[in-house]
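Results of the structural survey
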Amino acid sequence: MDDLPSASILENIQVAIVHLFERLGAGLPLLLSAIVVLFAFGIVAVVVRRVARYGSRFIKNPMKASLVRLVSYYTVWLIGIFVALDVMGVDAGSLVTGLGLGGVALGFALKDVLSNLVSGLFILIAQTFEIGDQIVVGETEGTVERIQIRATHIRTYDGRLVLVPNGEVFMSRVTNNTASDLRRTSVFVYLEYNQDVELAMSVILKTVMDVPGVAKNPAASIRLRDLTAEHFYIETRFWTDSRRTRLRLVASDVRVAIINALEGAGIVLPNPNQRDVSIQKSSDQVAE
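Here we summarise the structure given alongside this text. These numbers come from a predicted model, not from an experiment. (Residues numbered from 1 in each chain as written. Predicted model: local features only at pLDDT ≥ 70, side-chain atom pairs only at ≥ 80, totals over all residues. Heavy atoms only, no water.)

Re the sheet that holds strand β5 (residues 174-176)
Reading across from one edge, β4-β3-β2-β1-β5 is the order of the 5 strands in this open sheet, with antiparallel pairing throughout. Both edges of this open sheet fall to β4 (161-165) and β5, since each of them pairs with a single strand only. Each strand of the sheet is rotated relative to its neighbour by a mean of 40°, with strand direction disregarded. Where strand β3 (residues 151-156) meets β4, 5 bridges bridge the pair, whose relative direction is antiparallel. Residue Ile-154 lies in a different strand from β4, and its bridge partner there is Val-162. (Pairing = 2+ DSSP bridges. Helix = DSSP H or I, 4+ residues; strand = E, 2+ residues; numbered from the N terminus. Axes fitted to C-alpha atoms, helices over the stretch in contact; angles between N-to-C directions.)

Written out as structure tokens, the structure reads:
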């Protein structure tokens, strides 16, 4: 009598195993067919990406070219997934409904991934900046080298590569330094009060306008910026190439030209090593 429950349990286990193998046997061909479909669509996706890469050579805008390559590649994969599900007998509508029921939990789990994905698509479509632009995102400044679905690649001016998540790029304040061909910068000149300020300003402005690389339009300008206890200082503003390397080279040429021009005009530049010290005697000491 005691062996009857044990025999019944073993029979149930055997029946369950038989049913499992029967289901696997029935579903295995469908699963293999779905794998073959995905493999075929994977090959098609690679071919489509290569064709899109070749065709994108004729698109002058690199952002649009990148968008064409990405959309064509992932569209093929998406079609392949739906076809594979159909081969396995899965109702796509029911699957979407099921994903919708669990969408809240899945959304929280994949929040950052989905945020970067959607932000990357918006960046490519909106074209706020392009590959080759020099931008500032938060504390990162450099040249945009690549825009992927997950992150934007920025090469800093000292050669480091920074991968900024697209969600951060999309939500941050972005400064595009090369959105325009020209960019304004300033050079300051400190002079002592015994120098001719009007002559100095005239010499500086004429010199700056003649430096190669300084734009003629808009024209350079000059002003007396401020007065200190020991000096007055002059600010000259001019426009030049907006790219950082060129801008700094032109600014350096402007400073050298100003120094030479002021010395040629007889205007003495301040000497930081020279300090005039005067001692005034009190009236009692004079009386003595």
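Comments concerning the packing of helix α7 (residues 197-210) against helix α8 (residues 244-264)
With their axes 9 Å apart at the nearest point, α7 and α8 run at an angle of 135° to one another. When the axes of α7 and α8 are compared, the pair comes out oblique. Here α7 and α8 pass one another in a crossing that is right-handed. The residues of α8 that touch α7, namely those facing Ala-200, Val-203, Ile-204, Thr-207 and Val-208, are Val-254, Ala-257, Ile-258, Ala-261 and Leu-262. Of the residues assigned to the contact of α7 with α8, the class counts are 9 nonpolar, 1 polar and no charged. (Parallel < 35°, antiparallel > 145°, perpendicular 65-115°, else oblique. Left-handed = near helix turned anticlockwise from the far one by under 90°. Contact = heavy atoms within 4.5 Å. Nonpolar A, V, L, I, M, F, W, Y, C, P; charged D, E, K, R; others polar.)

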